[in-house]
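Structural description and commentary
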Amino acid sequence: MEQFKYLKTTAVPLPIEDIDTDQIIPARFLKATTRDGFGENLFRDWRYNSDNTLKKDFVINNEKYSGEVLVAGRNFGCGSSREHAAWAIVDYGFRVVISSFFADIFRNNALNNGLLPLIVEDDILSKILQQVEKYPETEVIVDLENETLEVPAIDVKQKFEINPYKKTCLINGYDDIDFLLSMKDEIAEFEKKHSVK
């Protein structure tokens, strides 16, 4: 996974509540066995017409919006447990999703795949969405090391919480196996000290 420490970027607003994993990546696109290529089908049924042309009014297809942060409505990632939803979001190029609530399984899948699900209060989410929709050039700053989110244009600066283990993995670009491999010397030393003779 790619390391994540600090991000300063514009954002894409998606003010829809209860976005489920089938809307994020429809089931018919789950046939691949690797994580590559899922981004092209992110929000497929919202992004494309039945003839595979882009829907120009969908926000991700709007050239004025770009960036590595997706700002979504409440209850993002509900529905099935498919890990492919996180794969699609990361493959598309997002590093952070901001919402006021995430489904537990989606949140864990996101963290396991290098995507930060960042929770804010409903009123803060509303302010960020309104700002980004009106001013697409608005910058969002995510400082993972210090666990802060900033949107200077609207004087938002707040702390967020993240599991310390998952924070370590994101900062170092580790998945669970990489984390264990990073500790191989400590594990070997422990084994040496506690081996039965």
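Report on the accompanying structure. In this text the structure is predicted, and so the values were computed from the model without any measurement.

Strands sit in the order S1-S6-S7-S8 across an open sheet of four strands; the sheet is antiparallel. For this open sheet the edge positions go to strand S1 (6-9) and strand S8 (156-159), each flanked by a neighbour on one side alone. The sheet shows a mean angle of 5° between the axes of neighbouring strands, taken without regard to direction.

Let us look at helix H6 (residues 164-172). Listing the buried residues of H6 in full gives Lys166, Lys167, Cys169, Leu170 and Ile171. Where H6 begins, one side-chain oxygen reaches toward the backbone nitrogen of tyrosine 165, 2.8 Å away; that side chain belongs to asparagine 163. Phi turns positive one or two residues past the end of H6, at glycine 173, with a value near 75°.

Our focus in this paragraph is the pattern of salt bridges. Scanning all chains against the criterion turns up seven salt bridges. Between arginine 95 and glutamate 2 there is a salt bridge whose closest N-O contact spans 3.5 Å. Highlighted residues: arginine 95 in the loop between helix H3 (84-92) and strand S4 (96-99) and glutamate 2 in the segment before S1, separated in sequence by 93 residues. Close ionic contact of aspartate 45 with arginine 28 constitutes a salt bridge, the shortest N to O distance being 2.5 Å. Highlighted residues: aspartate 45 in helix H2 (residues 44-47) and arginine 28 in the loop between helix H1 (21-24) and H2, separated in sequence by 17 residues.

To continue, consider the packing of H3 against helix H4 (residues 104-112). Between two packed helices, what matters for the description is the angle formed by their axes and the separation of those axes. The geometry of H3 relative to H4 is characterised by a closest axis approach of 8 Å and an angle of 50° between their N-to-C directions. Our classification of the angle between H3 and H4 gives oblique. Taken as a pair, H3 and H4 cross one another with a handedness that is right-handed. Contact with H3, carried on its side by Ala85, Ala86 and Ile89, involves Phe106, Asn109 and Ala110 of H4 and no other residues of that element. Of the residues assigned to the contact of H3 with H4, the class counts are five nonpolar, one polar and no charged.

Attention now moves to the sheet that holds strand S2 (residues 11-14). In space, the four strands of this open sheet follow the order S2-S3-S4-S5, with parallel pairing throughout. At either end of the open sheet lies a strand with only one pairing partner, and these are S2 and strand S5 (116-119). Strand-to-strand twist of the sheet, defined as the mean angle between neighbouring strand axes without regard to direction, takes the value 20°. When S2 meets strand S3 (residues 69-72), the two strands line up parallel, connected through four bridges. For leucine 14, the partnering residue across the bridge sits in S3 and is alanine 72. Along the sheet face, helix H5 (residues 122-134) touches S2, S3 and S4 and points at about 110° away from the line of S2.

Right, let's talk about the environment of proline 117 for a bit. With respect to the helices, strands and loops of the structure, proline 117 is situated in strand S5. Take proline 117: its relative accessible area is 10%, and that puts it in the buried class. Note: C-alpha distance between proline 117 and isoleucine 162 (45 residues apart in sequence) is 9.2 Å. Apart from residues lying up to four places away in sequence, proline 117 is in contact with Val97, Phe102, Arg107, Ala110 and Leu111.

Attention now goes to the environment of leucine 7. Mapped onto the fold, leucine 7 is located in strand S1. Once the C-alpha coordinates of leucine 7 and valine 140 are considered, the two residues, 133 residues apart in sequence, prove to be 7.9 Å apart. The residues touching leucine 7, leaving out its near neighbours within four places in the chain, are Glu68, Val69, Arg95, Val96, Val140, Ile141 and Val142.

Bringing the nonpolar core into the picture now. Core analysis: the largest hydrophobic core is formed by 27 residues, its most contacted members being Ile24, Phe43, Phe76, Ile89 and Phe106. Broken down by secondary-structure element, the contributors of at least two residues to this core are S2, S3, H3 and H4. Element by element, the count of residues in this core is highest for H3, at four residues. When near neighbours in sequence (up to four residues on either side) are disregarded, isoleucine 24 contacts Ile19, Asn41, Leu42, Phe43, Phe76, Gly77, Ala85, Ile89 and Phe106. Counting residues in hydrophobic clusters, the runner-up holds 26 residues, among them Leu118, Val120, Val132 and Val140.

What counts and what doesn't
Residues numbered from 1 in each chain as written. Predicted model: local features only at pLDDT ≥ 70, side-chain atom pairs only at ≥ 80, totals over all residues. Heavy atoms only, no water. Pairing = 2+ DSSP bridges. Helix = DSSP H or I, 4+ residues; strand = E, 2+ residues; numbered from the N terminus. Axes fitted to C-alpha atoms, helices over the stretch in contact; angles between N-to-C directions. Buried < 20%, exposed > 50% of the residue type's maximum accessible area, 1.4 Å probe, protein only. Polar contact = N/O pair within 3.5 Å; in protein donor to acceptor, adjacent residues only side chain to side chain. Salt bridge = Lys/Arg side-chain N within 4 Å of Asp/Glu carboxyl O. Parallel < 35°, antiparallel > 145°, perpendicular 65-115°, else oblique. Left-handed = near helix turned anticlockwise from the far one by under 90°. Contact = heavy atoms within 4.5 Å. Nonpolar A, V, L, I, M, F, W, Y, C, P; charged D, E, K, R; others polar. Core = buried A, V, L, I, M, F, W, Y, C linked by side-chain atoms within 4.5 Å.

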